[in-house]
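A closer look at the structure
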Amino acid sequence: MKAVEIVAGVIRDVGGRVLTVRKRGTTAFMLPGGKREAGESDIAALSRELGEEIGCDLITADHLGTFDAPAANEPDTRVYGAIYLAVVAGDAIAKAEIEELLWIDPQSPPSVRFAPLLERQVLPRLTAI
C-alpha cells in the first residue's frame, strides 16, 4: 500500500464552521493543504498550500494532531496528515486545483462525500474539543 504525507489546516469562521475544499476532478471534500516539497517544514508547506489553493495568508497554526486514513482519491493509498488549527488572513476563494469551497458545521456536517481522514479522524476530534 502506498503512503502519502500531507499537511492541512482547519480554518474556522466566526460561527465555528470549518472550511473544506473539493479538488478539480474529485468528489470528496477535504481540508485545504497538500504535500510538502523537499526540505519544507509543516508550517512552510501549509502556508504555501493555503496561498495557492484558497488565496489566504497563514497567520498562526497550532498542531491538532497527526492522523491517518485511506486516501479519498487514490486506491490502495493511505494518507498521513499533520493537521493544524489555522488562522488565516484574507477571504478564501477557489484557486489552482480547487473546484469548490464548502463551509461546514462539524457538529452537523452536510450529506456530501468527505475524505476519510476528515470524516473519520478530524471531525470527531473537532467535536470533542
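All values reported here derive from a predicted model rather than from experimental measurement.

Here we come to the layout of surface pockets. Approximately 400 Å³ is the volume found for the largest pocket. Taken together, 22 residues form the lining of the largest pocket, with I6, K23, M30, N73 and V79 sitting closest to its centre. Breaking the lining of the largest pocket down by element, the ones donating at least two residues are strand 1 (2-11), strand 4 (33-34), strand 6 (77-89) and helix 2 (116-128). Of the residues assigned to the lining of the largest pocket, the class counts are 16 nonpolar, 3 polar and 3 charged.

This part is about the pattern of salt bridges. If you walk through the whole model with that rule in mind, you get 13 salt bridges. As a salt-bridge pair, R48 and E52 come within 3.4 Å of each other at their nearest N and O atoms. Of the two residues, R48 and E52 are both situated in helix 1 (residues 42-54); the distance of 4 residues between them amounts to about one turn of the helix. Since its relative accessible area comes to 36%, E52 is described here as partly exposed. Note that R78 is salt-bridged to D68, the shortest N-O span being 2.6 Å. With R78 in strand 6 and D68 in strand 5 (residues 57-70), this residue pair connects regions lying 10 residues apart in the sequence. Take R78: its relative accessible area is 25%, and that puts it in the partly exposed class. According to the relative accessible area criterion, D68 is partly exposed, its value standing at 28%. Residues participating in the shared-partner salt-bridge network are E37, E40, R48, E49 and E52.

Quick notes on the rules
Residues numbered from 1 in each chain as written. Predicted model: local features only at pLDDT ≥ 70, side-chain atom pairs only at ≥ 80, totals over all residues. Heavy atoms only, no water. 1 Å grid on protein atoms, 1.4 Å probe; cavity = no way out; pocket = protein on both sides within 12 Å on 5 of 7 lines; lining within 4 Å. Points joined across faces, edges and corners; volume = space filled by probe spheres on them. Helix = DSSP H or I, 4+ residues; strand = E, 2+ residues; numbered from the N terminus. Nonpolar A, V, L, I, M, F, W, Y, C, P; charged D, E, K, R; others polar. Salt bridge = Lys/Arg side-chain N within 4 Å of Asp/Glu carboxyl O. Buried < 20%, exposed > 50% of the residue type's maximum accessible area, 1.4 Å probe, protein only.

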